[in-house]
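# Tertiary structure, described
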Amino acid sequence: MRHGKKINHLGRKAGHRNSMLANMACSLIEHKRINTTVAKAKALKQFIEPLVTKAKTDDTHNRRIVFSYLRSKEAVTELFREVAQKVGDRPGGYTRIIKLGNRLGDNADMAMIELVDFNEIYNVAKKEAKKSSTRRGKKKAADAPATEATSTEAESNE
């Protein structure tokens, strides 16, 4: 039975595991996405999500709590300034894990873990998807004058 075995120990002692997760979290905050193994990515997700939630309220107590986990002033500053500002309205799920395949050397499952709000490719697609037509196939009333204005401008430029 596996009762109460929530933590993946990753084949390391507790001190080594905590240092590794802190370093990976600092790299994720700095670069917004990193490549690692799937097991480490899942452990990092559990490590960093509560820290991002703490960063949403900027006060001294939360900064000290986050600093005790990350142990890097630059990472804490960037987390509270840039990252928390972008994820302020999101209720959770700040990271995304994308599986990449197997590593050549030892065939380990690789993944890319990234901060969700910093990926412009997915965010642009969602904004464009909202500009859809109605069920009847006609355009919305708000979109119709905008398209007529652009077509008249195109004709006048020719």
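Now for a quick tour of the structure. (Residues numbered from 1 in each chain as written. Predicted model: local features only at pLDDT ≥ 70, side-chain atom pairs only at ≥ 80, totals over all residues. Heavy atoms only, no water.)

By the secondary structure assignment, Phe118 is in the loop between β3 (109-115) and α5 (120-129). Residue Phe118 is classed as buried on the basis of its relative accessible area, which comes to 15%. In sequence terms Phe118 and Lys32 are 86 residues apart; their C-alpha atoms lie 6.7 Å from each other. Once residues within four sequence positions are removed from consideration, Phe118 is found in contact with Lys32, Glu82, Val83 and Lys86. (Helix = DSSP H or I, 4+ residues; strand = E, 2+ residues; numbered from the N terminus. Buried < 20%, exposed > 50% of the residue type's maximum accessible area, 1.4 Å probe, protein only. Contact = heavy atoms within 4.5 Å.)

Of all hydrophobic cores here, the largest spans 33 residues; its most connected members are Leu44, Phe47, Leu70 and Leu79. Looking at this core, the elements that each hand over two or more residues are α1 (14-31), α2 (38-55), α3 (60-70), α4 (73-86) and β3. Tallying contributions element by element places α2 first for this core, with nine residues. Leaving out residues up to four positions away in the same chain, Leu44 has contacts with Leu21, Met24, Ala25, Leu28, Ile34 and Ile113. (Core = buried A, V, L, I, M, F, W, Y, C linked by side-chain atoms within 4.5 Å.)

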